[in-house]
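In case you want the letters, here they are:
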Amino acid sequence: VKSAQSLVYNYVLSQRLSQFGPDPVATDLVLQPLLHGSSRPSVTEIQRTDTSSGSCHHMSDVVLALPGSSVTYPGHMLAVYKSAATELLGLPLEVFHQPLPLNLSLRGAYRPVAVLPKGISWHGYNAREVDQALRMRGGKLLLSDVDRLLKAHCTAETQGSSDCLHDWNLADSVKADERYSGGTGKGLSGSILFSCQ
């Protein structure tokens, strides 16, 4: 059921952006702060998008509904929700509003149309630092969560033996440098890495 909700949401989001562009429009929905004692979010429609009126919304404020019995659909997208459910699932949108087997209900939820990243930082690296990072991290500038877990497991199990972690030597680094330079000999001049917290 969650996959069906996401399928409809993704289709509606795609249509919303292609029909109305990347800026908020009248009748888009925005979340309201939770009221004391309330566990369900409430939404309101944007009445005007005129920035001089003082009611300025950003795309990161706009939400679309995952279909369900307790959500409000934006008026200008209701027909798209209905056609998405019919075309993609062969079901009417109202199916999401009915009780599921075992008297379970599908209430729905809201997802933001865009997410505004926060806590972005950057750091510049010179070629020597890049080379050192490549050697320490088995040829990767950024480690994935899986890489970190494997490294922690290897350190705990083998105390960092070479059986566990790939050890790059200087010759490997020079080969990589030549590969990135396209054989020109100029090599890596440096890198900038961005991370999000």
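For the structure itself, consult the block above.
A brief look at the structure comes next.

**Observations concerning helix α2 (residues 78-89)**
- With twelve residues, α2 extends 16 Å from end C-alpha to end C-alpha; this agrees with the ideal 16 Å at 1.5 Å per step.
- Buried within α2 we find Val80, Tyr81, Ala84 and Ala85. Burial along α2 is one-sided: seen end-on, the buried residues are contained in an arc of 135 degrees. Among the exposed residues of α2, those pointing more than 90 degrees away from its buried face are Ala79 and Glu87.

**Description of the environment of Ser18**
- By the element assignment, Ser18 lies in helix α1 (residues 2-20).
- Separated by 3.2 Å, the side chain of Ser18 and the backbone oxygen of Gln15 make a polar contact.

**Remarks on the packing of α1 against α2**
- Packing of α1 against α2 brings their axes to within 9 Å, and their N-to-C directions diverge by 130 degrees. Between α1 and α2, the crossing angle belongs to the class labelled oblique. Where α1 crosses over α2, the handedness of that crossing is right-handed. Residues Ala4, Leu7, Val8, Tyr11, Val12, Gln15 and Gln19 of α1 pack against Val80, Tyr81, Ser83, Ala84, Ala85, Glu87, Leu88 and Leu89 of α2.
- Class assignment for the residues of the contact of α1 with α2 results in eleven nonpolar, three polar and one charged.

**A closer look at the pattern of salt bridges**
- Going through the model one piece at a time under the given rule, you end up with two salt bridges.
- Residue Asp28 is joined to Arg16 by a salt bridge in which the shortest nitrogen-to-oxygen separation is 2.7 Å. Taken together, the residues Asp28 in the loop between α1 and β1 (29-32) and Arg16 in helix α1 connect sequence positions twelve residues apart.
- Under the relative-accessibility criterion, Asp28 is labelled buried at 1%.

Rules of the game
Residues numbered from 1 in each chain as written. Predicted model: local features only at pLDDT ≥ 70, side-chain atom pairs only at ≥ 80, totals over all residues. Heavy atoms only, no water. Helix = DSSP H or I, 4+ residues; strand = E, 2+ residues; numbered from the N terminus. Expected span 1.5 Å × (residues − 1). Buried < 20%, exposed > 50% of the residue type's maximum accessible area, 1.4 Å probe, protein only. Arc of directions from axis to C-beta. Polar contact = N/O pair within 3.5 Å; in protein donor to acceptor, adjacent residues only side chain to side chain. Axes fitted to C-alpha atoms, helices over the stretch in contact; angles between N-to-C directions. Parallel < 35°, antiparallel > 145°, perpendicular 65-115°, else oblique. Left-handed = near helix turned anticlockwise from the far one by under 90°. Contact = heavy atoms within 4.5 Å. Nonpolar A, V, L, I, M, F, W, Y, C, P; charged D, E, K, R; others polar. Salt bridge = Lys/Arg side-chain N within 4 Å of Asp/Glu carboxyl O.

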